[in-house]
Amino acid sequence: MTDDAYLFLADTVPGSGWQGTPVSLTGELECLQTPAVRAWLDAHHTDAASPALRIAPPEQTGMIPDGVERLPVPLSEEELELVRRAGGTDPVTVVEQELLSYRDSEEGRDALLHKALAAGVPAHRIVELSGVDPTALPTAPRA
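These figures come from a predicted structure and were not determined experimentally.

Caption draft 1: Layout of unusual backbone geometry. Even without being a glycine, H45 presents a positive backbone phi close to 55°. By relative accessible area, which is 76% here, H45 ends up exposed.

Caption draft 2: Region of the structure containing the pairing of strand β3 (residues 53–56). What you see with β3 is no split at all: L53 and I55 on one side and R54 and A56 on the other are buried throughout. Here strand β1 (residues 5–9) pairs with β3 via 4 bridges, running antiparallel. Note on β3: the bridge partner recorded for L7 is I55.

Caption draft 3: A look at the packing of aromatic side chains. Taken as a whole, this structure holds 0 aromatic pairs when the rule is applied. Stacked on the ring of Y6, the Lys or Arg R70 has its end atom at 5.9 Å from the ring centre.

Caption draft 4: Quick peek at the environment of R54. The residue R54 is located in strand β3 in this model. Taking relative accessible area as the criterion, R54 reaches 15% and is therefore assigned buried. The spatial distance from the C-alpha of R54 to the C-alpha of R70 is 9.8 Å, given a sequence separation of 16 residues. Contact partners of R54, with chain neighbours within four places excluded, come to Y6, L7, F8, A10, Q19, G20, T21, P22 and V23.

Caption draft 5: Structural view of the environment of A86. Considering the arrangement of structural elements, one finds A86 in helix α2 (residues 77–87). For the pair A86 and V23, spaced 63 residues apart in sequence, the C-alpha separation works out to 8.7 Å.

Caption draft 6: Layout of the nonpolar core. In terms of nonpolar packing, the biggest core is built from 17 residues, with L7, L32, L53, I55, V73 and L75 touching the most fellow members. Mapped onto this core, the elements with two or more residues apiece are β1, α1 (35–43), β3, β4 (70–73) and α2. The next biggest cluster of nonpolar side chains, apart from the first, holds 11 residues, and it includes V95, L112, L113 and L129.

Caption draft 7: View of the sheet that holds β3. Read across the sheet, 4 strands follow the order β2-β3-β1-β4 without closing on themselves; strand pairing throughout is antiparallel. With partners counted over all chains shown, the strands left at the sheet margins are β2 (21–22) and β4, one partner each. Strands in contact with α1 are β1, β3 and β4; relative to β4, the strand with the most contacts, it is inclined by about 165°.

Caption draft 8: Focus on helix α5 (residues 123–130). Of all the positions in α5, only R125, I126, L129 and S130 are classed as buried. Projection of α5 onto a plane perpendicular to its axis shows the buried side chains occupying an angular sector of 110°, all on one side. G131 sits one or two residues past α5 and shows a positive phi near 80°.

What counts, and where the lines are drawn
Residues numbered from 1 in each chain as written. Predicted model: local features only at pLDDT ≥ 70, side-chain atom pairs only at ≥ 80, totals over all residues. Heavy atoms only, no water. Buried < 20%, exposed > 50% of the residue type's maximum accessible area, 1.4 Å probe, protein only. Helix = DSSP H or I, 4+ residues; strand = E, 2+ residues; numbered from the N terminus. Pairing = 2+ DSSP bridges. Phe/Tyr/Trp six-rings, centres within 6.5 Å; stacked < 30°, edge-to-face > 60°. Lys NZ or Arg CZ within 6 Å of the ring centre and 35° of its normal. Contact = heavy atoms within 4.5 Å. Core = buried A, V, L, I, M, F, W, Y, C linked by side-chain atoms within 4.5 Å. Axes fitted to C-alpha atoms, helices over the stretch in contact; angles between N-to-C directions. Arc of directions from axis to C-beta.

Okay, structure coming up:
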């Protein structure tokens, strides 16, 4: 087993920024059958098929906004890889990977910053991932 991933409900995430990976994209995860997860889902009047149910792998749990109720769930290595691959199809996740890669290059900086803002990546996350000075961020996303 790996470090814990976290389940949370996207409809409780304030704003339109990062919202995790929909569980529906990951396939069947063993943790969804545990009594703890079933009780948590029941308490939130939802189920594992809900489009609002999201998962964050251990390296992304810091991106879950403060105040959002979350449930730690252990994943096998295979399940963790499924979650990571599923998250890679999310447009925000793809842009975040580009921002991480940007740290090594200045080429295309402005276009990438505009792209990240347009995709809904919060400004603080862009600064964290890319290492740019916050004052270098464009003030409004371009189409």
